[in-house]
Amino acid sequence: MSIAEQLGSWTHTPLGDERGYIQPHSLKELWFHTGTKCNLECSFCLEGSSPSDKRLLTPKLEEVIPFIDEALSMGVEQFSFTGGEPFLAKDIVEILDYASKFKPCLVLTNGTEPLLKRLDALIALQSKNQHPVSFRISIDSPNEKEHDQGRGTGNFAKAFIGMRKLHQHGFSVSLARHIANNENQPEVDQQYRNLFSLNGIPPQTHIVAFPDFLPPGSLPSVPHITTHCMTAYQTEQQRENYMCASSKMIIKKGTEMQVYACTLVDDDPDYFMGNTLSESMQQKVNLKHHRCYSCFAHGASCSEM
Ligand code: SF4
């Protein structure tokens, strides 16, 4: 059987069943991908980011503004930014300045030098605009050695410096971590909370835990999700809670700005939903990507809303 036959099509599983899908109902959160350029190079990165990666490019302020404006006309409630490392994007502060005039913003960052270099500019934004900018810092493990094995020596300490400084300057912070195999979740979270206390960060700071999403283009064997799965094992409320039901992500590929179904599927062109948000909201999102199984089985979501 060829790889194409093993994977099935956009609409059908390899056994010929119709794929489960999500019909978007609203646009609550709009994500922007700031490009796959990152100051770090981690083997596990779901975006395949590195200092030289150009799979996704970095949008300029004038390329982002039309999507912010369109999203506002559709009732969006938050703008969120991910990368790569968003603080390597030349226009990121100007983009946050524009977006936070209208709605709260969230930025996902590794918390190291690129963030620290922009800290003064971010502090200046705080008193200027009506809506807050908050931050989610990636600290993969509460064990410094384990984090630095993945991200490079010294980056655990730097990320905590970044998180601490953001908190000291009045920004709201949260933390993204990995879920280890067979972990004791309350125990791991408590280890983070102890670290928060040591760093003067509120112990109840929100922690978002992610499974291993694997690098772009990975093809692990996961169960296929059919329309029957979506009605037999999921309620209407659960279907409404999928990220792709109420958010979209904007990416820049080549010279083109494109709307994708969510933050987790930009390595598969089937998830290109159009060049405008209104067009993209009409598209049914089929649950074909292997990461869709994490949403189906574990309720995985990048959103904090
Ligand atoms: S990864 Fe999750 S949110 Fe994204 S398209 Fe698949 S099911 Fe929807």
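My aim in this report is to walk through the structure given alongside it, one point at a time. (Residues numbered from 1 in each chain as written. Predicted model: local features only at pLDDT ≥ 70, side-chain atom pairs only at ≥ 80, totals over all residues. Heavy atoms only, no water.)

Within the chain, the secondary structure is distributed over 13 helices and eleven strands. In summary, the chain has a C-alpha radius of gyration of 19 Å against a globular reference of 19 Å for 305 residues, a match within 12%. Seen through its C-alpha atoms, the chain measures out along the principal axes to roughly 55 × 45 × 40 Å. Scored against the burial criterion, the 305 residues of the chain give a buried share of 49%. Once local pairs closer than 6 in sequence are excluded, the contacts in the chain between residues at least 24 apart make up 71%. Carbon and sulfur atoms make up 51% of the accessible area of the chain, which totals about 14,100 Å². Where the 27 positive side-chain charges of the chain centre and where its 35 negative ones centre are 4 Å apart. (Helix = DSSP H or I, 4+ residues; strand = E, 2+ residues; numbered from the N terminus. Rg over C-alpha atoms; globule rule 2.2 N^0.38 Å. Buried < 20%, exposed > 50% of the residue type's maximum accessible area, 1.4 Å probe, protein only. Contact = heavy atoms within 4.5 Å. Areas by Shrake-Rupley, 256 points an atom, 1.4 Å probe, with all protein chains shown as cover. Lys, Arg positive; Asp, Glu negative; His and termini not counted. Charge placed at Lys NZ, Arg CZ, Asp CG, Glu CD.)

This paragraph deals with the pairing of strand β5 (residues 133-138). With six of six residues buried, β5 is to be regarded as a mostly interior element. Neither face of β5 is left uncovered, since the one carrying V133, F135 and I137 and the one carrying S134, R136 and S138 both have all their residues buried. For strand β4 (residues 105-109) and β5, the ladder comprises five bridges, and the chain directions are parallel. Bridging across to β5, L108 finds its partner in R136. Here four bridges tie β5 to strand β6 (residues 173-178), and the two strands are oriented parallel to one another. Following the sheet pairing, S138 is matched in β6 by A176. (Pairing = 2+ DSSP bridges.)

Once that is clear, we can look at the sheet that holds β6. Strand order in this open sheet of nine strands is β7-β6-β5-β4-β3-β2-β8-β9-β10, and the pairing throughout is mixed. The open sheet has two free edges, formed respectively by β7 (207-210) and β10 (272-274), since each of these has just one partner strand. Taken pair by pair, the neighbouring strands of this sheet meet at an average axis angle of 30°, ignoring direction. Strand direction decides the pairing type here: strand β2 (residues 29-33) and strand β3 (residues 78-82), joined by five bridges, are parallel. Along β3, the bridge assignment pairs E29 with Q78. Docked against the sheet, helix α3 (residues 92-99) engages β3, β4 and β5, running at close to 165° with respect to β3. (Axes fitted to C-alpha atoms, helices over the stretch in contact; angles between N-to-C directions.)

With that settled, consider the pattern of salt bridges. Tallied over the entire structure, the rule returns 13 salt bridges. Measuring nitrogen to oxygen at the nearest pair gives 3.1 Å for the salt bridge that ties E63 to K252. With E63 in helix α2 (residues 61-73) and K252 in strand β8 (residues 247-253), this residue pair connects regions lying 189 residues apart in the sequence. Taken as a pair, E63 and K252 share a single burial class, namely buried. As a salt-bridge pair, K288 and D270 come within 2.6 Å of each other at their nearest N and O atoms. In this pair, K288 sits in the loop between β11 (285-286) and α13 (292-298) while D270 sits in the loop between β9 (256-260) and β10, placing the two residues 18 residues apart along the sequence. Since its relative accessible area comes to 22%, K288 is described here as partly exposed. (Salt bridge = Lys/Arg side-chain N within 4 Å of Asp/Glu carboxyl O.)

Below, the discussion takes up the layout of surface pockets. In this structure, the largest pocket spans a volume of roughly 1,000 Å³. Taken together, 47 residues line the largest pocket, and the ones lying closest to its centre are F44, S138, D140, R151 and H178. Elements supplying a minimum of two residues to the lining of the largest pocket: β4, β5, α6 (144-151), β6 and α8 (185-198). Residue composition of the lining of the largest pocket, by class: 21 nonpolar, 16 polar and ten charged. Of the voids in this model, the second largest pocket is the one considered here, and its volume is about 430 Å³. Every residue lining the second largest pocket is counted, 20 residues in all, and those nearest its centre are L7, L219, P220, K288 and H290. (1 Å grid on protein atoms, 1.4 Å probe; cavity = no way out; pocket = protein on both sides within 12 Å on 5 of 7 lines; lining within 4 Å. Points joined across faces, edges and corners; volume = space filled by probe spheres on them. Nonpolar A, V, L, I, M, F, W, Y, C, P; charged D, E, K, R; others polar.)

Neighbouring residues of the ligand: Y242, M243, C244, C262, L264, V265, Y271, V285, L287, R291, C292 and C295. Counting atoms within 2 Å of the grid points, the majority share of the ligand lands in the largest cavity. Listed by contribution, the elements that provide at least two residues to the shell around the ligand are α11 (243-246) and α13. Each residue belonging to the shell around the ligand can be placed in one class, and the counts come to eleven nonpolar, no polar and one charged. (Near = heavy atom within 4 Å. Sits in = over half its atoms within 2 Å of the grid points.)

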